[in-house]
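Examination of the molecular architecture
Listed below, chain by chain, are the residues.
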Amino acid sequence: MKRNQVWLIALTLLTTLLLIIGGRTSWSRPKQLTIPIQSLPAQAQLSALAAPTTADTSAHSLRLNQEPYKDLTKRFQVGILEGYNVSTIGGLPLIEAPDGNLAYTVLVEQRATDRPLSNPSLAQIPIELFRRGEGFQTGNFQPVAGGVYLPWRGNLTLGGQTQPVSGVILARQLGKNVVVMLICATESAQGDVKDAIALLANTLKPL
């Protein structure tokens, strides 16, 4: 897939995620998708969204289904949070909470070789994928076992009303592919972001 096609799918999917968790009342194009720099919290607050790669799952309010989602083209699998709805957009997964306040997806960027990327290079890939979303901003990346985390934050304006959204991106190199998982949540679901990434990180594997 050509890079501009990957970007187009990535941007469309991000917008779709924001639309879904932004109210689920309209599939029309949002009037504005912006992340003003002045609305970003302190770096410590952004970094707090990132979670360790290992955790005691018994402490989580979220649970995983027994069966993971398996990529239609057999490149990766990822866990499905219990009770979440699963659909696909352009062959990519969209996994969302029943109330629409938290959703996640996975994109794949194919590379020419399986040469290991440095952490900064790995972190740059999701930034390149999503940065053309108007005003898209991330915090500093955090190296973790097998990849990097990038906290992000923004505002969604839909139907004349604005609300903050934020989440975490996990980028992981799997051979020739870089797999990018984006979690997006409204303010009411922010308490679930850390649990979600802690549960899902270890389920993101090659097939």
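See above for the structure.
Attention in this report is confined to the structure presented alongside it. From a predicted model like this one, the values you see are computed outputs, not experimental measurements. (Residues numbered from 1 in each chain as written. Predicted model: local features only at pLDDT ≥ 70, side-chain atom pairs only at ≥ 80, totals over all residues. Heavy atoms only, no water.)

1. Describing helix 3 (residues 119-130)
Compared with the 16 Å implied by 1.5 Å per residue over 12 residues, the 18 Å span of helix 3 between its first and last C-alpha is a close match. Residues of helix 3 that are buried include every one of Leu-122, Ala-123, Ile-125, Pro-126, Leu-129 and Phe-130, and no others. Projected onto a plane normal to the axis of helix 3, the buried residues spread over an arc of 140 degrees and lie on a single side. (Helix = DSSP H or I, 4+ residues; strand = E, 2+ residues; numbered from the N terminus. Expected span 1.5 Å × (residues − 1). Buried < 20%, exposed > 50% of the residue type's maximum accessible area, 1.4 Å probe, protein only. Arc of directions from axis to C-beta.)

2. What to know about the packing of aromatic side chains
Applying the stated rule across the entire model yields two aromatic pairs. Relative to Phe-76, the ring of Tyr-69 has its centre 6.4 Å away and its plane inclined at 40 degrees; by these criteria the two rings are tilted. Taking relative accessible area as the criterion, Phe-76 reaches 0% and is therefore assigned buried. Here Tyr-84 and Tyr-104 contribute two aromatic rings whose centre-to-centre distance is 6.4 Å and whose plane-to-plane angle is 45 degrees, an arrangement assigned as tilted. Of this pair, Tyr-84 sits in the loop between strand 3 (76-78) and strand 4 (85-89) while Tyr-104 sits in strand 6 (residues 102-110), and the two are 20 residues apart along the sequence. There is no split in this pair, since Tyr-84 and Tyr-104 are both buried. (Phe/Tyr/Trp six-rings, centres within 6.5 Å; stacked < 30°, edge-to-face > 60°.)

3. Digging into the pairing of strand 5 (residues 92-96)
By the criterion of burial, strand 5 is predominantly enclosed, with five of the five residues buried. The two faces of strand 5 match: Leu-92, Leu-94 and Glu-96 on one face and Pro-93 and Ile-95 on the other face are all buried. Of the pairings in the sheet, the one linking strand 4 to strand 5 comprises five bridges and is antiparallel in character. Across the sheet, the residue bridging to Ile-89 is Leu-92, located in strand 5. Count of turn residues in the strand 4/strand 5 antiparallel hairpin: two residues, of which Gly-90 carries a positive phi of about 60 degrees. Here three bridges tie strand 5 to strand 6, and the two strands are oriented antiparallel to one another. When the sheet's bridge partners are listed, Leu-94 is paired in strand 6 with Thr-105. (Pairing = 2+ DSSP bridges.)

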